[in-house]
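# Geometric and topological summary
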Amino acid sequence: MSAPQVGVHESRTDAYLALLVNNSSSDNNISTSSRTVREVSYQDWGRSANFTRAQGAERLDYRLFVSDDETEHPTAHIVAQIGTDGTEGVPGFVHGGLTSTLADTAMGNLAWHAGYKAFTANLNVDFRAPLSPPACVVVDAKIEKTEGRKVYLSADVFEVQEMQDGTLARSNDVVAEATSLFIVMDKAKETAVTTPDTAPQNGASTPRVTNDDIRDHTSTCVASVRETLFSPGWSTIEKDYLKTVWAST
Ligand SMILES: CCCCCCCCCC(=O)SCCNC(=O)CCNC(=O)[C@H](O)C(C)(C)COP(=O)(O)OP(=O)(O)OC[C@H]1O[C@@H](n2cnc3c(N)ncnc32)[C@H](O)[C@@H]1OP(=O)(O)O
């Protein structure tokens with residue numbers, strides 16, 4: 001297995017976290033003048049097979065913080081390290097879906113943290129500046145308003161940059177701005193959802209799908225789609241297209 005390519009950047013993420021995190025506290029709290037922001041450990045989520053945590057540190061690694069200040073609207077913050085292994089869309093640039101996922105993750109966790117058991121119904125992302133991996137970003141999410149079962153949130157993504165004197169700072173230029181609408185689960189449907197709180201812990205009896213199962217299923221699915229939808233020429237388009245793209249970069 002090749003070595004992770006994020007060593008330098010990883011330490012940059014840690015250095016930025018060190019600026020934020022009050023190291024004197026074992027709870028890893030960020031202390032600001034007005035509020036305390038608590039780190040949420042992935043371990044708190046029970047056996048949830050979380051998509052963003054399945055990537056491996058060489059692709060995506062992040063830490064999540066939520067504010068616990070009851071006198072203000074809660075906020076959520078992500079400090080993320082985006083590695084170089086499989087994170088690009090346009091060659092040389094971070095895939096916008098990854099940036100969107102980070103914004104969605106910050107907003108979704110904020111909604112749940114604030115007591116709204118809600119799903120993303122709508123997600124809008126304005127990409128304001130390209131991001132090149134490896135990158136370190138900060139995501140700030142907040143609740144804009146609530147109306148009945150609707151929770152409107154926003155999130156801004158900023159790059160963490162190294163200044164000329166070697167210190168780290170959040171760039172003032174936003175990389176992406178996201179807004180979302182989350183809908184709180186209908187009470188009648190809520191029991192059908194296994195939340196992390198109620199999910200079985202280690203030794204879970206729920207059978208997990210293996211990678212072999214997935215490969216089998218995908219092969220069957222692809223074969224079936226090819227037969228019904230693809231003309232014979234289509235299967236080579238992607239390969240030829242990629243060859244052209246990579247040759248030109
Ligand atoms: C532990 C922490 C976990 C943190 C998670 C991290 C973040 C990850 C978040 C996700 O990835 S969630 C997964 C992706 N989202 C989904 O799978 C949701 C799929 N969609 C649905 O399940 C349903 O469409 C949904 C639950 C969102 C709404 O269905 P409902 O049947 O409950 O609601 P309904 O259709 O009755 O709509 C309720 C209201 O919302 C409005 N609405 C629903 N979808 C909308 C939409 N897309 N845009 C605008 N408005 C929408 C709808 O018009 C209506 O407005 P009014 O009350 O004013 O009439």
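Cut-offs applied
- Residues numbered from 1 in each chain as written.
- Predicted model: local features only at pLDDT ≥ 70, side-chain atom pairs only at ≥ 80, totals over all residues.
- Heavy atoms only, no water.
- UniProt positions renumbered as here; feature names shortened; annotations may be inferred.
- Helix = DSSP H or I, 4+ residues; strand = E, 2+ residues; numbered from the N terminus.
- Buried < 20%, exposed > 50% of the residue type's maximum accessible area, 1.4 Å probe, protein only.
- Contact = heavy atoms within 4.5 Å.
- Areas by Shrake-Rupley, 256 points an atom, 1.4 Å probe, with all protein chains shown as cover.
- Salt bridge = Lys/Arg side-chain N within 4 Å of Asp/Glu carboxyl O.
- Polar contact = N/O pair within 3.5 Å; in protein donor to acceptor, adjacent residues only side chain to side chain.
- Core = buried A, V, L, I, M, F, W, Y, C linked by side-chain atoms within 4.5 Å.
- Phe/Tyr/Trp six-rings, centres within 6.5 Å; stacked < 30°, edge-to-face > 60°.
- Lys NZ or Arg CZ within 6 Å of the ring centre and 35° of its normal.
- Pairing = 2+ DSSP bridges.

Under the annotation held in an unreviewed UniProt entry, the protein carries the name Acyl-coenzyme A thioesterase THEM4 and is attributed to Pycnococcus provasolii. In the Sequence similarities (unreviewed entry) part of its UniProt record, the protein is described as follows: "Belongs to the THEM4/THEM5 thioesterase family."

## Focus on the overall build of the protein
The secondary structure content of the protein amounts to five helices and eight strands. Walking the protein from its N terminus toward its C terminus, one meets helices and strands in the order α-β-β-β-β-α-β-β-β-β-α-α-α. Within the protein, the fraction of its 249 residues that count as buried is 33%. A sequence separation of at least 24 residues applies to 65% of the contacts in the protein between residues at least 6 apart. For the protein, the accessible surface area stands at approximately 15,200 Å², while carbon and sulfur atoms represent 52% of it.

## Structural notes on the pattern of salt bridges
Following the criterion strictly, the structure yields three salt bridges and no others. Residue Glu177 pairs with Arg128 through a salt bridge whose shortest N-O separation is 2.7 Å. Taken together, the positions of Glu177 in strand β8 (residues 168–184) and Arg128 in the loop between β5 (118–127) and β6 (135–147) put the pair 49 residues apart, joining distant regions of the chain. For Glu177, a relative accessible area of 30% translates into the label partly exposed. Lys145 is the partner of Glu147 in a salt bridge, and the nearest nitrogen-oxygen pair spans 3.3 Å. Residue classification places Glu147 among the partly exposed residues on the basis of a relative accessible area of 39%.

## Here we look at the side chain of Thr75
On the secondary structure map, Thr75 appears in strand β4 (residues 75–82). Look at Thr75 and you get buried, because its relative accessible area is 14%. A distance of 2.9 Å separates a polar atom in the side chain of Thr75 from a polar atom in the side chain of His77.

## Section: the UniProt feature "domain: Thioesterase" (unreviewed entry) in the protein
In this numbering, the UniProt entry assigns the feature "domain: Thioesterase" (unreviewed entry) to residues 92–161. Annotation note: span residues 92–161, helix share 26%, strand share 50%, distance between end C-alpha atoms 18 Å.

## A few points about the nonpolar core
Considering soluble globular proteins, one finds that nonpolar side chains tend to be buried as a cluster. If you look at the biggest cluster of nonpolar residues, it comprises 33 residues, and the most contacted ones within it are Ile78, Ile82, Leu102 and Met107. When residues in this core are grouped by element, the largest group, seven residues, is from helix α2 (residues 96–113). Those residues within four positions of Met107 in sequence are excluded, and the remaining contacts are Leu123, Ala141, Leu153, Ser154, Ala155, Ala178, Thr179, Ser180 and Phe182. Grouped together as the second largest cluster of nonpolar side chains are seven residues, Phe65, Val79, Val160 and Leu168 included.

## Side note on the packing of aromatic side chains
Under the criterion given, the structure shown has zero aromatic pairs. Between Lys145 and the ring centre of Tyr152, over which it is positioned, the NZ or CZ distance is 4.9 Å.

## Topic: the pairing of strand β7 (residues 150–162)
Sheet topology places β6 next to β7; ten bridges connect them, and they run antiparallel. Bridge assignment links Ile143 to a residue of β7, and that residue is Leu153. Examined bridge by bridge, β7 and β8 share twelve bridges and lie antiparallel to one another. Following the sheet pairing, Leu153 is matched in β8 by Ser180.

## Here we look at the side chain of Thr99
With respect to the helices and strands, the residue Thr99 is situated in helix α2. Sequence-distant contacts of Thr99, that is, excluding residues within four places in its chain, are made with Val94, Phe127, Val157 and Ala176.

## A word on unusual backbone geometry
Going from Pro133 to Pro134, the amide bond is cis rather than trans, its omega being 0°. Looking at where Pro134 falls in the secondary structure, it is placed in the loop between β5 and β6.

## Let's talk about the environment of Glu58
Mapped onto the elements, Glu58 comes out in the loop between β2 (36–40) and β3 (60–67). Taking the C-alpha atoms as reference points, Glu58 and Ala103, 45 residues apart in sequence, are found 20 Å from one another.

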